[in-house]
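Residue-level structure breakdown
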Amino acid sequence: MNDILVQVAIYLGAGLIAVPIAQRLGLGSVLGYLIAGIAIAPVLNWIGSDASSVQRFAEFGVVMMLFLVGLELQPSLLWRMRHRLFGLGGLQVLSTIAIATLLGLLLGLDWRVAIVVGMIISLSSTAIVLQTLAEKGWMRTDGGQASFSVLLFQDIAVIAMLALMPLLISPGTEMTHADGHGSSQLITQLPAWGQALATLGAVALVVVGGRYLTRPAFRILARTGLRELFSAGALVLVILITLLMGYVGLSAALGTFLAGVLLAESEYRHELVSDLEPFKGILLGVFFITVGGGIEFSLLIANPLFILGLTIAVVALKIVIFVVLAMMFGLRRRDRWMFALGLAQVGEFGFVLLGVASGSHMLPGALGQTLSLVVALSMLATPLLIVLFERVIAPRMSGAQPSDRAPDEIDESAPVIIVGMGRFGQIVQRLLVMTGHKPVVLDYAADHIEGMRKFGLQVYYGDAMRPDLLESAGIASARLLVIAIADMERSVEL
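Residues numbered from 1 in each chain as written. Predicted model: local features only at pLDDT ≥ 70, side-chain atom pairs only at ≥ 80, totals over all residues. Heavy atoms only, no water.

**Re the overall build of the protein chain**
Assigned secondary structure in the protein chain consists of 22 helices and 4 strands. Here the protein chain holds 494 residues, and 50% of them are scored as buried. (Helix = DSSP H or I, 4+ residues; strand = E, 2+ residues; numbered from the N terminus. Buried < 20%, exposed > 50% of the residue type's maximum accessible area, 1.4 Å probe, protein only.)

**Quick notes on the pattern of salt bridges**
Close approach of charged atoms allows side chains of opposite charge to pair. Under the definition given, this model contains 3 salt bridges. In this structure, the salt-bridge partner of Asp110 is Arg112, at a minimum N-O distance of 3.8 Å. Using a relative accessible area of 37% as the deciding quantity, one classes Asp110 as partly exposed. Judged by its relative accessible area of 30%, Arg112 falls in the partly exposed class. One salt bridge connects Asp335 with Arg332, and the closest N-O pair in it is separated by 3.6 Å. Connected via shared salt-bridge partners are Arg332, Arg334 and Asp335. (Salt bridge = Lys/Arg side-chain N within 4 Å of Asp/Glu carboxyl O.)

**Some details on the side chain of Gln429**
Examined against the element boundaries, Gln429 turns out to sit in helix H19 (residues 423–434). Setting aside chain neighbours within four positions, we find Gln429 in contact with Ile418, Met421, Pro439, Val441 and Leu457. (Contact = heavy atoms within 4.5 Å.)

**Re the packing of helix H5 (residues 82–106) against helix H6 (residues 111–122)**
It is the contact of H5 with H6, at a shortest axis distance of 8 Å, that shows an interaxial angle of 140 degrees. The angle between H5 and H6 falls in the class oblique. Along this stretch, H5 crosses H6, giving a crossing that reads as right-handed. On H6, the residues that touch Gln92, Val93, Thr96, Ile97, Ala100, Thr101, Gly104 and Leu105 of H5 are Trp111, Ala114, Ile115, Gly118, Met119, Ile121 and Ser122. (Axes fitted to C-alpha atoms, helices over the stretch in contact; angles between N-to-C directions. Parallel < 35°, antiparallel > 145°, perpendicular 65-115°, else oblique. Left-handed = near helix turned anticlockwise from the far one by under 90°.)

**Thoughts on empty space enclosed by the protein**
Counted according to the given criterion, the structure contains 2 cavities of 30 Å³ or more. For the largest cavity, the calculated volume is near 50 Å³. Lining the largest cavity we find Val129, Thr132, Leu133, Trp138, Ser147, Met338, Gly342 and Ile386. If you list the elements that add at least two residues to the lining of the largest cavity, you get helix H7 (126–136) and helix H16 (333–342). Considering every element that reaches the lining of the largest cavity, the biggest residue donor is H7, with 3 residues. (1 Å grid on protein atoms, 1.4 Å probe; cavity = no way out; pocket = protein on both sides within 12 Å on 5 of 7 lines; lining within 4 Å. Points joined across faces, edges and corners; volume = space filled by probe spheres on them.)

**Topic: the pairing of strand E2 (residues 440–443)**
Burial along E2 is two-sided: the residues Val440 and Leu442 and Val441 and Asp443 are all buried. Where strand E1 (residues 416–419) meets E2, 3 bridges bridge the pair, whose relative direction is parallel. Within E2, the position partnered with Ile417 by the bridge is Val440. As paired elements, E2 and strand E3 (residues 460–461) share 2 bridges and run parallel to each other. Looking at the pairing, Leu442 lines up with Tyr460 of E3. (Pairing = 2+ DSSP bridges.)

Spelled out as structure tokens, the structure:
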């Protein structure tokens, strides 16, 4: 028990120290977690901590993230994003796999191995990119929306890649789950037709349960008025689906993603997201710490030029592909480079596919270790590419959008907060001032704010979707929040 508490204290303590420092330096929280893992690796080796077992537990955060991604896949959203989702995202994944496979064949790799390498390289980090976009306030920009479309398609494509993996494995080779474990004994003891029926039955159970059973269950939990019960119910749902998928030899990511899609139209969607988000964040933080702690620096020290050159080649290849696709889909220069540099890394699901391929002996041990190191180094390079974009590329781009400015410092509080200073927001503001109540007003249109300030109106710049900005505006003590923005979906989300 004490050993477990010591490991928990080391992992979380390292994150608490490294992440604020990384954010203060403008590097982002993900790089902070990776640096924390690198820093505590000697300590973990000294106390005999098994980082791989901790990483398997932390990968539950990745599974939970896919559940949350599924919750965002409303049919109306998919239809509105169909061109970029399937066009931009589909072309990126297919072109990256095709080019990487061709290069692998030229280097003498087996065609199956080359395809697997291409699939791994084609993915970007949903956790890093979405967190960076949210922290920088870029999610609503054209480049941010394009990035979200590509990441969404990649998350969907991961399910297809995991399903395709058995077809690339030689007959008689044991398949491995997405979490790195072998097939469950419950299904391997069945005949082939029994295994097929069990797999279809598990998927059908998730579909039927997600559509007809979860809503009544959550309705009962909601009536209790105890938020902790609702949170516990959400966690139990994800855990049960993960176990069920494991028993039939399917990816846990597939099951939770499918359940999230089925609950996307549920009235409990926003509550599920808010309840699971903290757990996902903590587990992903531990996941990135284990990634940093598991980097084989001995391999890097032994072949520094080869490893660094391979990492640069992978990142450069993806940047070229993203820039070309961004030009094809009409992204402006500034959004084009934000899009390309932000998605240039290899994602966390690369480790998942690597675990499946290595566990099934598809990849030679040396190649698997090299790819794992390249994936980690590319993730480490992402915040540096973001800094390059912010400080070098963006200032040189003509027509830089004023929305890149940092949020204003809010030095006052009021019982009323108004979000949005359009026509309706101005009417509400005037009525409040006439009755002796001066509100705090937030708006995200920099040009509009400057126009308001010329008339003596105090309007603060910032994205109200950021909790830290609302906290600085005094949301904890405010009696009224007026949402006066035209976007109905953003209003509901806020």
